[in-house]
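A look at the structure
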Amino acid sequence: MPQNGASYKIMIVSNRKQALAEFADTLSQEGRHEIAWAQTGEAALNLAKEKIFQMVVVDHELADTTTGKLCKDLLDVNALINTVAVSELSPEDFHEEYEGLGILSHLPLEPGAEDANAVLEKLSGLAFILTD
């Protein structure tokens with residue numbers, strides 16, 4: 001859990017709600033963080049234009065775009081947005097594939113509670129740096 005007591009708006013872009021359920025439930029625990037779901041890249045971009053999200057979790061397979069393209073497009077909408085990507089790539093291959101996109105973290109295909117807490121800690125650390 002974030003140590004600074006912040007609450008975040010988090011978007012999850014996936015059509016695999018069941019596979020990400022434990023992860024999403026942990027993020028929304030205690031009702032502190034607002035979770036929005038989008039099933040496509042287009043829907044995610046539309047939501048990002050309407051509301052400011054502190055973090056967007058991008059799943060590895062989307063019907064209308066790739067992870068890299070969506071992360072880049074989200075940065076075009078809001079340069080301060082933090083992205084996290086679900087990927088089957090090894091950490092080394094992930095870094096090679098997505099280097100330069102500013103992706104905050106790499107998640108396994110079925111992230112759980114531990115993964116959710118880890119990304120919240122990273123986000124909390126960034127928020128602390130930006131506000132102090």
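As a starting point, this report considers the structure included with it. Since this is a predicted model, take the numbers as computed values, not measurements. (Residues numbered from 1 in each chain as written. Predicted model: local features only at pLDDT ≥ 70, side-chain atom pairs only at ≥ 80, totals over all residues. Heavy atoms only, no water.)

1. Re the overall build of the protein chain
Let me state the cut-off plainly: In DSSP terms, a helix is any run of H or I states spanning at least four residues, a strand is any run of E spanning at least two, and both are numbered starting from the N terminus. Burial here depends on accessible area, computed with a 1.4 Å probe over protein chains only, as a share of the maximum for the residue type. Under 20% is buried, over 50% is exposed, and the range in between is partly exposed. Should any heavy atoms of two residues lie within 4.5 Å, those residues are counted as being in contact. Method for areas: the Shrake-Rupley scheme with a 1.4 Å probe, in which residue coverage is limited to the protein chains shown. A residue counts as positive if it is Lys or Arg and as negative if it is Asp or Glu; His and the chain ends are not included. Throughout, a charge is located at the NZ atom of Lys, the CZ atom of Arg, the CG atom of Asp or the CD atom of Glu.
Looking only at helices and strands, the protein chain features 5 helices and 5 strands. For the C-alpha atoms alone, the extent of the protein chain along its principal axes is close to 35 × 30 × 30 Å. Scored against the burial criterion, the 132 residues of the protein chain give a buried share of 43%. For the protein chain, the share of sequence-separated contacts (at least 6 apart) that also reach a separation of at least 24 residues comes to 65%. Summing over all exposed atoms, the protein chain offers an accessible surface of approximately 7,100 Å²; the carbon and sulfur share of this is 49%. Charge-centre separation for the protein chain: the mean point of 9 positive side chains lies 9 Å from the mean point of 22 negative side chains.

2. Side note on the sheet that holds strand β1 (residues 9–13)
What counts, and what does not: Pairing between strands requires that DSSP locate at least two bridges from one strand to the other. The angle between two axes is taken between their N-to-C directions and runs from 0 to 180 degrees, where each axis is a line fitted to C-alpha atoms and a helix contributes only its stretch in contact.
Pairing in this open sheet of 5 strands is parallel, and the strands run β2-β1-β3-β4-β5 from one edge to the other. In this open sheet, the two strands that pair with only one neighbour each are β2 (34–38) and β5 (103–107). When strand polarity is set aside, the average angle formed by the axes of neighbouring strands in this sheet is 20°. The pairing of β1 with β2 spans 5 bridges and is classified as parallel. Bridge pairing links I10 to I35 in β2. Of the strands in this sheet, β1, β3 (55–58), β4 (82–86) and β5 touch helix α3 (residues 67–77), which is tilted by about 165° from β3. Helix-sheet contacts for helix α4 (residues 91–98) involve β4 and β5, and the interaxial angle to β5 is about 145°.

That is the geometry; function is a separate question.
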